[in-house]
Amino acid sequence: MDSRFDRSLLRDADLLREDLFIDGAWTPGSGGERTEVVDPATGVVIARMASAAAADVERAITTADAAAPAWGRLPAPARSRILRRWYDLIVEHADDLATILTAEQGKPFAEARGEILYGAGFVEWYAEECKRTYGDVIPTNVEGRRLLTLRQPVGVTAAITPWNFPSAMILRKAGPALAAGCPMIIKPAEETPLSATALAELAVRAGIPRGVLSVVPGPPVLVGEILTSHAAVRALSFTGSTEVGKLLMAQSARTVKKVALELGGNAPLIVFDDADLDAAVAGAMASKFRNAGQTCVCANRLLVQSGIHDAFVKRLQVAIEALTVGNGFEEGSEQGPLISEAAIEKVQRHIGDAVEGGASVLSGGRRHSLGQTFFEPTLLIGVHRDMLVANEETFGPVAAVLKFETEDEAVDVANDTPFGLAAYFFTTDLGRMWRVGENLEFGVVGVNTGLISYEGAPFGGVKESGVGREGSRHGIDEFTELKYLCVDGLAG
Ligand code: ADP
């Protein structure tokens, strides 16, 4: 293999895997194709990942189907122990996994390491939760009859995941799926397959049985078509764009699969006059610039009330200009490159459209002098609700500030979007906290914070941001079916 990944960066070089993982074994697949994996910070090809052909995906489904009954029947404590071992191995190898993640995705190493531990948290949490997927005993309606419910594994599941959280988006699906007793077939994003195969390597070491976890990077349309059309796949969990999510939902309708979709957002972050300014600036920075603005919960619109507007903008500008942009492996780097040239073009298009419409660039606004896909952290003020930047997810390091006057106006602007994933607001008024918290049409609302993710809490969107929830006791429902047992003939 002539990949240029610097294996000396890894303590355990066996974590770097460039093959498909099917039926408990590594295979180059039957298609003979490979896809280049590029370090976005340098443009260097770091790996050549095998690409699944139709026969490979079908084999992954067949072997998952064969593995499903035994995995589903395994008593919960036994499944829990295996998942716990996987969690321990992920934590033990967090540095190597973060190195692989930064190399293929670009985010700063510390952020990558944070992602690994965050993702691992889902495996740990669901390793515990699988011991508690209770059913009910329902008070009977007929003498001599007993009514019960059981939570049973749905069967073979599939996950299609994005490049912005190459590790956590997999673990947040595989954790609950495996815990529920379901095998899972994972199609990672073509940009970031190495994080997926590294996790599979640790799954083998943890003793996850063959067929229970497979990784099949490959042509998205082909792999997506097979995973959604095959009758044996009973649930699909997808994180990615709304456009692809709608397509996969429609494709899954042919075999009426359960679908869980985490799609795009257009998160508002509202700063009211009565907000704690320090908290609001810190929250805006954390929410906006994490992963260079490339998350579906990044604040896309900063709605700032007129009384606090100038003070907030001044403080935000200082914070933005203090950000260190650099290769994710450099000490102190806080913002890495964007994932691709197309991502840069979208950011430029949004800034251009806003400026044309009358907005002003206070900081940044251009490609960074580091070249490649680095972009300057940008602050835009004077943004209006009809501009592109306020209507589409920018997915880049652009803080777009809109000024508003009243609470009703802020809520109206915030809700004026087909999306409904995350929203944030900053206030110290208790009544406003409840009113706005209840009136925002979003699945996740952060109050006085810009960071809301936690494996024990339900994450998911409303409207066109998706269906289903990940994390918490609700997340396992996506991978189980509720069976009702009606037992009669018990009268003495
Ligand atoms: P993004 O624009 O962030 O890359 P996508 O929705 O295109 O978001 O990608 C998210 C995931 O969906 C990736 O794994 C990608 O390969 C996959 N994907 C893209 N198009 C399709 C498709 N037509 N069918 C199945 N999967 C797809």
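The coordinates are above.
So, a few notes on the structure that sits alongside this text. (Residues numbered from 1 in each chain as written. Predicted model: local features only at pLDDT ≥ 70, side-chain atom pairs only at ≥ 80, totals over all residues. Heavy atoms only, no water.)

Details of the nonpolar core
- Of all hydrophobic cores here, the largest spans 63 residues; its most connected members are W86, I90, L178, I208 and L213.
- With nine residues, the single largest contributor to this core is helix α5 (residues 168–180).
- When near neighbours in sequence (up to four residues on either side) are disregarded, L178 contacts W71, R79, L83, W86, M184, I208, V212 and L213.
- One finds I270, L380, A400 and V411 within the second-largest nonpolar core, a separate group that totals 34 residues. (Core = buried A, V, L, I, M, F, W, Y, C linked by side-chain atoms within 4.5 Å. Buried < 20%, exposed > 50% of the residue type's maximum accessible area, 1.4 Å probe, protein only. Helix = DSSP H or I, 4+ residues; strand = E, 2+ residues; numbered from the N terminus. Contact = heavy atoms within 4.5 Å.)

Thoughts on the site of the ligand
- Taken together, 17 residues lie near the ligand, and T161, W163, K187, E190 and S241 sit nearest.
- T161 places a polar main-chain atom, nitrogen or oxygen, 2.7 Å from an oxygen atom of the ligand.
- Considered on its own, the ligand offers 550 Å² of accessible surface; in the complex 79% of this is hidden by protein.
- With respect to the detected pockets, the ligand is housed in the largest pocket.
- Secondary structure elements with two or more residues in the shell around the ligand: α7 (220–229), β10 (233–239) and α8 (242–253).
- Within the shell around the ligand, the residues separate by chemical class into ten nonpolar, five polar and two charged. (Near = heavy atom within 4 Å. Polar contact = N/O pair within 3.5 Å; in protein donor to acceptor, adjacent residues only side chain to side chain. Areas by Shrake-Rupley, 256 points an atom, 1.4 Å probe, with all protein chains shown as cover. 1 Å grid on protein atoms, 1.4 Å probe; cavity = no way out; pocket = protein on both sides within 12 Å on 5 of 7 lines; lining within 4 Å. Sits in = over half its atoms within 2 Å of the grid points. Nonpolar A, V, L, I, M, F, W, Y, C, P; charged D, E, K, R; others polar.)

Brief notes about the sheet that holds strand β5 (residues 137–138)
- Reading across the sheet, the three strands line up as β5-β6-β22 and stay open at both edges, with antiparallel pairing between neighbours. Strand pairing shows two members of the sheet lacking a second neighbour, β5 and β22 (480–487), which therefore form its edges.
- Across eight bridges, the pairing between strand β6 (residues 146–153) and β22 is antiparallel. Directly across from L147, in β22, lies its bridge partner C486. (Pairing = 2+ DSSP bridges.)

Thoughts on the pairing of strand β8 (residues 184–187)
- Residues M184 and I186 point to one face of β8 and I185 and K187 to the other, with burial holding for every one of them.
- Note: strand β7 (residues 156–160) against β8, four bridges, orientation parallel. Looking at the pairing, A158 lines up with I185 of β8.
- In the classification by handedness, the crossover that spans β7, the intervening α5 and the parallel β8 is right-handed.
- Summarising the sheet, β8 and strand β9 (residues 213–215) pair through three bridges and their orientation is parallel. Each residue of the ladder has a partner; that of M184, found in β9, is L213. (Right-handed = clockwise from strand over helix to strand, strands pointing away.)

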